[in-house]
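# Residue-level structure breakdown
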Amino acid sequence: MRRPFRQRRSFDSAHGARPRALALAMLGAALAASCSRGGGGEQGAAPAGSAGRASSASASAGAGARRSADADPRGRPAAVKELSVRKLAPGAAVIVDGRLDEPAWQAAARTGPFVNVGTGREDRSLPTQGEARLLWDDAFLYVGFDVIDGTITGGFPQGASDPHLWERDTVEVMIDPDGDGDNKDYYEIQIGPQNLVFDSQFDDYNAPRGGPNGPFGHQAWSAGLVSAVELRGTIDDDSDEDRGYVVEAKIPWSSFAKAKAAPPSPGDVWRMNFYAMQNNGGAAWSPILGEGNFHRARRFGRVRFVGPGGETGGAGASASDAGAAPARDAGAAPANAPSAAPPGATSAAGERPGAAVPSASSGPKPVYRADPPDR
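Residues numbered from 1 in each chain as written. Predicted model: local features only at pLDDT ≥ 70, side-chain atom pairs only at ≥ 80, totals over all residues. Heavy atoms only, no water.

Quick look at empty space enclosed by the protein now. For the structure on display, the rule yields two cavities of 30 Å³ or more. The space that makes up the largest cavity amounts to roughly 60 Å³. Residue composition of the lining of the largest cavity, by class: nine nonpolar, one polar and no charged. A volume near 30 Å³ is recorded for the second largest cavity. Forming the walls of the second largest cavity are T153, G154, F156, L165, D169, G192, P193, Q194 and L196. Residues that form the lining of the second largest cavity fall into these classes: four nonpolar, four polar and one charged. (1 Å grid on protein atoms, 1.4 Å probe; cavity = no way out; pocket = protein on both sides within 12 Å on 5 of 7 lines; lining within 4 Å. Points joined across faces, edges and corners; volume = space filled by probe spheres on them. Nonpolar A, V, L, I, M, F, W, Y, C, P; charged D, E, K, R; others polar.)

Pasting the structure below:
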């Protein structure tokens, strides 16, 4: 970003100030200032398929989300999201039933509305929208998704092991426990509206990979999670208008064998990203901005674990940038996304793969491909 240069009057020893030089200096300053105002700046959106700037993050319930600076390979700043996640207070409990109605969830850290993966901005034209909430204790990482989707699609066989959920509707969690964004030893977890699970562990960026149809990563790895889904509509039925679904899961820390320390301590920082997906595309918490596909760990946001009162314990490195804009709206959620499923919605709960929701063969769906796709 260019900065207006300082004006300095020039004087001739014999004739004093030279009007022409002064006029040229003033004109140059005006042009530089105009360029500075017109550039994308810290708040400007990056074009799809390029590395650029992302919009500010949202925070909630005493757990702050803020932006930080990450240099892309070309040396330009590219903002990634940050979220401070509070530990469950002593005596607090979470029942995994797909409802997110416990007091703990009301006070949980929220990502705010997911954004376009290419631009980093909210995009109401995308066919799927969402946000995520996070909690933790010494045994589990708790994740809740609230997804807006007008056509809930499943269509996988009941009890399927590691189905390709990204080909239809799903939520996705990417987890890099080391927090360094180097794409080494990271994890992928997807949970679809049938409450089926795909989970895998990767040694490096998209590796290992067995070919176009997989296997993808080490699919023998299991997150050992417990999950539940609450539907706001009818799965695999286009005769009615759906409103989306809620996914709730608890993931044991013991599953993350590649982590340096699990459970984390207050102050530790892990890298994570969250997606609401449809047909191999979707919306993200921290945008990819054209730096690869959904597996690009340096684009994952930073999740800082803090104690019940927000204490950090002195651990973990701060990654905020001095020029970041403040969070837009603490606790903001999508305007048309209820925080909990309304009465009368269908529920599917249980351990993986947990298939209490009936499915039908899926028909043609609106096609949306992210830039880039997940696979």
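Before going further, it helps to examine the pairing of strand β11 (residues 197-202). Of all six residues making up β11, six are buried, and the element is well covered by its neighbours. As paired strands, strand β10 (residues 186-191) and β11 are joined by six bridges and run antiparallel to one another. Looking at β11, one finds that E188 is bridged to S200. (Buried < 20%, exposed > 50% of the residue type's maximum accessible area, 1.4 Å probe, protein only. Helix = DSSP H or I, 4+ residues; strand = E, 2+ residues; numbered from the N terminus. Pairing = 2+ DSSP bridges.)

Another aspect to go through is unusual backbone geometry. Along the chain, A207 connects to P208 via a cis peptide bond; the corresponding omega equals 0 degrees. Its identity is not glycine, yet D236 carries a phi of approximately 60 degrees, on the positive side. With respect to the helices and strands, D236 occurs in the loop between β12 (226-232) and β13 (244-252).

Positionally, D146 belongs in strand β8 (residues 140-149). Each C-alpha atom of the pair D146 and G130 lies 5.5 Å from the other, and the pair is 16 residues apart in sequence. Here the side chain of D146 touches R232 through a polar contact of 2.7 Å, side chain to side chain. (Polar contact = N/O pair within 3.5 Å; in protein donor to acceptor, adjacent residues only side chain to side chain.)

It is worth spelling out the confidence of the model for the protein at this point. For the protein, per-residue confidence averages 74 on the pLDDT scale, and residues scoring 70 or more make up 63% of the total. In the model, residues 1-73 has pLDDT below 50 throughout and makes 153 contacts with residues more than four positions away in sequence or in other chains. Taken together, the stretch residues 315-371 has pLDDT below 50 and engages in 159 contacts with residues farther than four places along the chain or on a different chain. (pLDDT = per-residue confidence, 0-100. Contact = heavy atoms within 4.5 Å.)

Here we come to the pattern of salt bridges. In total, this model carries eight salt bridges according to the counting rule given. Of the charged contacts, one joins R304 and E82 as a salt bridge, the two residues approaching to 3.8 Å between their closest N and O atoms. Highlighted residues: R304 in strand β16 (residues 301-306) and E82 in strand β4 (residues 77-86), separated in sequence by 222 residues. In this pair, the class of R304 matches that of E82, namely buried. (Salt bridge = Lys/Arg side-chain N within 4 Å of Asp/Glu carboxyl O.)

Attention now moves to the side chain of D123. Along the polypeptide, D123 turns up in the loop between β6 (115-116) and β7 (128-136). Salt bridges are absent for the buried D123, whose nearest opposite-charge side chain, R124, sits at 8.0 Å. There is a polar contact of 2.9 Å between the side chain of D123 and the side chain of N116. (Lys, Arg positive; Asp, Glu negative; His and termini not counted.)

It is worth spelling out the nonpolar core at this point. The biggest cluster of nonpolar side chains holds 41 residues, and the ones touching the most others in it are L141, F145, I191, F256 and F274. Every residue in contact with I191, bar those within four places of it in the chain, is listed here: L165, T170, V171, L196, V197, L225, S227, V229, V247 and A249. Listed in part, the 18 residues of the second largest apolar core include M174, Y186, F216 and F294. (Core = buried A, V, L, I, M, F, W, Y, C linked by side-chain atoms within 4.5 Å.)

Here the focus is the pairing of β8. Most of β8 sits out of view: nine of its ten residues are buried. Hairpin connection from β7 to β8: three residues lie between these consecutive antiparallel strands. Across eight bridges, the pairing between β8 and β13 is antiparallel. Its bridge partner being in β13, F145 is matched across the sheet by V247.

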